[in-house]
Each structure stands twice: as structure tokens, then as C-alpha cells.
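Descriptive structure summary
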Amino acid sequence: QLVESGGGLVQAGDSLRLSCAASGRTFSSYAMGWFRRPPGKEREFLAVISWNTSRTHYADSVKGRFTISRDNAKNTVYLQMNTLKPEDTAVYYCAADLYHTTSRAKDYEYWGQGTQVTVSS
């Protein structure tokens, strides 16, 4: 029900915009988050946006470089990633949480399948 797109292979310093399209239900009442899993590492929180866009929260590692946004009319959430670094290489996931605007992965009810982002040096 959540499908990420926009990943790919880029060079350090480049930008990418990831999209997460929802289907099968309306996610306009859900907080939406982005997470990533670098190779060989644990999944980590990146950003979350509340259902009405009034609140956003970012991990320190991406604050100032990544921007989360959403378009409820399109049932889509975005992650704009600028000044990409090789350490941003990971599988990126979006997720939906009806009850919390949170960084805790365990609170999210729905997850996408992920999209690969690879940043070369």
C-alpha cells in the first residue's frame, strides 16, 4: 500500500527526491515517516511529518540536507535529499503511523518495500 520510488545511483553532492505513493487507503490522517537501512547496519529514522504538515522532525544526521513534505491530495509523501554523501547509501523506506508523529519505527503500522539509493564518491 506504500510504494517508494526515485532511488538510484548518484554522485556525492547530488540531489534526489524520493516519493512514497499510497494506495488502497487514504493516508491523509497518518503521520508519515522516512527511514533507511544502510548496508550491514540497523534501520534508522530520518524524518517524520504530521498528517496536517504542522509538525516535522528530523534526525540530526540529515537535518539541513533532507526535507520531508507531503501532498495529501495526491496521497504522496516526499523526501528531498540534497548534498548527498556516500554514507547516505541505503535502502530508503516510507512508513505510516495513525497515532503518533514519532521517530520510533515500532509505532508505524504500514511500510513500503524500500528503494535503493547509492551515492558514489
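For the structure, check the block above.
Overview of the structure. Please read these numbers as outputs of a predicted model, since none were measured by experiment.

Take the pattern of salt bridges next. Going through the model one piece at a time under the given rule, you end up with six salt bridges. Arg-36 is the salt-bridge partner of Asp-88, the closest N and O atoms lying 2.8 Å from each other. Placement of the pair is Asp-88 in the loop between strand 8 (76–81) and strand 9 (90–97) and Arg-36 in strand 4 (residues 31–37), with a sequence separation of 52 residues. Summarising the burial analysis for this pair, Asp-88 and Arg-36 share the class buried. A salt bridge links Arg-104 to Asp-107, with the shortest nitrogen-to-oxygen separation between them at 2.7 Å. Taking the relative accessible area as the measure of exposure, Asp-107 reaches 12% and is therefore buried. It is possible to trace a salt-bridge network through shared partners that takes in Arg-36, Glu-44, Arg-65 and Asp-88.

Attention shifts here to the side chain of Glu-4. On the secondary structure map, Glu-4 appears in strand 1 (residues 2–5). At 2.9 Å, the side chain of Glu-4 forms a polar contact with the backbone nitrogen of Cys-94. Of note is the side chain of Glu-4, whose polar atom sits 2.8 Å from the backbone nitrogen of Gly-114. When sequence neighbours within four positions are dropped, the list of residues in contact with Glu-4 reads Ser-19, Cys-20, Trp-34, Tyr-92, Tyr-93, Cys-94, Gly-112, Gln-113, Gly-114 and Thr-115.

Counting residues in hydrophobic clusters, the biggest one holds 35 residues, and the most contacted among them are Met-32, Trp-34, Leu-79, Met-81 and Tyr-92. Listing elements by their share of this core, those giving two or more residues are strand 3 (16–22), strand 4, strand 5 (44–49), strand 7 (66–71), strand 8, strand 9 and strand 11 (115–120).

Position of Glu-87 among the secondary structure elements: in the loop between strand 8 and strand 9. Classification of Glu-87 as exposed rests on a relative accessible area of 52%. For the pair Glu-87 and Val-10, spaced 77 residues apart in sequence, the C-alpha separation works out to 12 Å.

When you line up the elements, Ser-50 lands in the loop between strand 5 and strand 6 (56–58). What Ser-50 contacts, discounting residues up to four positions off in sequence, is Tyr-30, Ala-31, Arg-55, Arg-70 and Thr-101.

Applying the stated criterion across every chain yields a total of one disulfide. Between Cys-20 and Cys-94 runs a disulfide, and the two sulfur atoms are separated by 1.9 Å. Here Cys-20 and Cys-94 share a disulfide; its torsion about the S-S bond, 55°, makes the bridge right-handed. Separated by 74 residues along the polypeptide, Cys-20 in strand 3 and Cys-94 in strand 9 bring together distant segments of the chain. For Cys-94, a relative accessible area of 0% translates into the label buried.

The rules behind each value
Residues numbered from 1 in each chain as written. Predicted model: local features only at pLDDT ≥ 70, side-chain atom pairs only at ≥ 80, totals over all residues. Heavy atoms only, no water. Salt bridge = Lys/Arg side-chain N within 4 Å of Asp/Glu carboxyl O. Helix = DSSP H or I, 4+ residues; strand = E, 2+ residues; numbered from the N terminus. Buried < 20%, exposed > 50% of the residue type's maximum accessible area, 1.4 Å probe, protein only. Polar contact = N/O pair within 3.5 Å; in protein donor to acceptor, adjacent residues only side chain to side chain. Contact = heavy atoms within 4.5 Å. Core = buried A, V, L, I, M, F, W, Y, C linked by side-chain atoms within 4.5 Å. Disulfide = S-S within 2.5 Å.

Geometric values such as these leave the question of function open.
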